[in-house]
Amino acid sequence: IAGITQAPTSQILAAGRRMTLRCTQDMRHNAMYWYRQDLGLGLRLIHYSNTAGTTGKGEVPDGYSVSRANTDDFPLTLASAVPSQTSVYFCASSETGTDPDTQYFGPGTRLTVL
Amino acid sequence: EDQVTQSPEALRLQEGESSSLNCSYTVSGLRGLFWYRQDPGKGPEFLFTLYSAGEEKEKERLKATLTKKESFLHITAPKPEDSATYLCAVQANQAGTALIFGKGTTLSVSS
């Protein structure tokens, strides 16, 4: 089934550790996104990429970095995790220019930073 | 500032009891308004995209409508399987591809 896969499903991480959340899509969408979802705050955009080789900052980018080496993969890295980064992280993708910007989401990664 | 407000925060219905969820938005030029369904522990599932005031879209027991200031998600004769959190998001003309989400309405339908 076509869609977005994320790994790991969940992770408990010690503060100060480095962590990479993986996201892969097989829909050949040009744009990809990372959101975090927190109780009472809703979904907030961390970083995005409109096409392979380019990235941009969203609403809450501090403490996170991304890369987009190819169309399918969009990893999110926490260089030195802090407890405030405890959240559920969702990757999404869209095909801009055809079905304008309807974003399709992955199943999420639940991250706990202790 | 672009903003999305959903109401109510939570809604409890009996099976078959129709109702509506509201999404009010303030955006500097609307490119699109999106409705998603999210089940516990899952990612948001796309339902509808609305582009212009007066537009309506339907899917099974759900119908989404759009005005210049708000959108409604009407649920007709809901079933327990319609229980979920419904998310509304907008995309502004000047914001590129970024979506601005509301905090959602959690719907519980009991039999």
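A brief look at the structure comes next.

Some details on the sheet that holds strand 7 (residues 64–66) of chain A
The strands making up a sheet associate through hydrogen bonds between their backbones, and the pairing can be parallel or antiparallel. Residues and elements named next belong to chain A. Ordered by their spatial adjacency, 4 strands build an open sheet running 1-3-8-7, and the pairing between neighbours is antiparallel. In the strand order of this sheet, the two ends are held by strand 1 (4–7) and strand 7, each with one partner. Within the sheet, the average angular offset between the axes of one strand and its neighbour, ignoring direction, is 20°. The pairing of strand 1 with strand 3 (residues 19–25) spans 4 bridges and is antiparallel. Across the sheet, the residue bridging to Thr5 is Thr24, located in strand 3.

Overview of the interface of chain B and chain A
Taken together, the 18 residues of chain B in the interface contact 21 residues of chain A. Surface buried jointly by chain B and chain A totals about 1,500 Å² across both partners, of which 54% is contributed by carbon and sulfur atoms. When the buried area of chain B at its contact with chain A is split by residue, B:Pro44, B:Thr97 and B:Phe101 rank highest and sum to 32% of it. On inspection of chain B and its partner chain A, the count reaches 4 residue pairs in polar contact (both at pLDDT 80 or more).

Comments concerning the layout of surface pockets
Estimates place the volume of the largest pocket at around 1,200 Å³. Residue lining of the largest pocket: 46 residues in total, with A:Asp38, A:Leu41, A:Gly42, A:Leu43 and B:Lys103 positioned closest to the centre. Residue assignment for the lining of the largest pocket shows that the elements contributing at least two residues are strand 4 (31–38), strand 5 (42–49), strand 9 (87–94) and strand 11 (109–113) of chain A together with strand 1 (3–7), strand 9 (84–92), strand 10 (100–101) and strand 11 (105–110) of chain B. Looking at which element gives the most residues to the lining of the largest pocket, the answer is strand 5 of chain A, with 5 residues. Here the residues of the lining of the largest pocket sort into 17 nonpolar, 18 polar and 11 charged. Considered as a void within the structure, the second largest pocket measures approximately 210 Å³ in volume. Lining the second largest pocket are 12 residues, with A:Gly3, A:Ile4, A:Tyr104, A:Phe105 and A:Gly106 sitting closest to its centre. Secondary structure elements with two or more residues in the lining of the second largest pocket: strand 10 (104–105) of chain A together with strand 5 (45–50) of chain B. Looking at the lining of the second largest pocket residue by residue, the classes come out as 8 nonpolar, 3 polar and 1 charged.

What to know about the side chain of B:Thr85
Locating B:Thr85 in the fold gives a position in strand 9. Beyond its immediate stretch of four places on either side in the chain, B:Thr85 contacts B:Tyr36, B:Arg37, B:Gln38, B:Gly104, B:Thr105 and B:Thr106.

What counts, and where the lines are drawn
- Residues numbered from 1 in each chain as written.
- Chains lettered and ligands numbered in written order.
- Predicted model: local features only at pLDDT ≥ 70, side-chain atom pairs only at ≥ 80, totals over all residues.
- Heavy atoms only, no water.
- Pairing = 2+ DSSP bridges.
- Helix = DSSP H or I, 4+ residues; strand = E, 2+ residues; numbered from the N terminus.
- Axes fitted to C-alpha atoms, helices over the stretch in contact; angles between N-to-C directions.
- Contact = heavy atoms within 4.5 Å.
- Buried area = accessible area lost by both parts, 1.4 Å probe.
- Polar contact = N/O pair within 3.5 Å; in protein donor to acceptor, adjacent residues only side chain to side chain.
- 1 Å grid on protein atoms, 1.4 Å probe; cavity = no way out; pocket = protein on both sides within 12 Å on 5 of 7 lines; lining within 4 Å.
- Points joined across faces, edges and corners; volume = space filled by probe spheres on them.
- Nonpolar A, V, L, I, M, F, W, Y, C, P; charged D, E, K, R; others polar.

Geometric descriptors of this kind do not, in isolation, establish any biological role.
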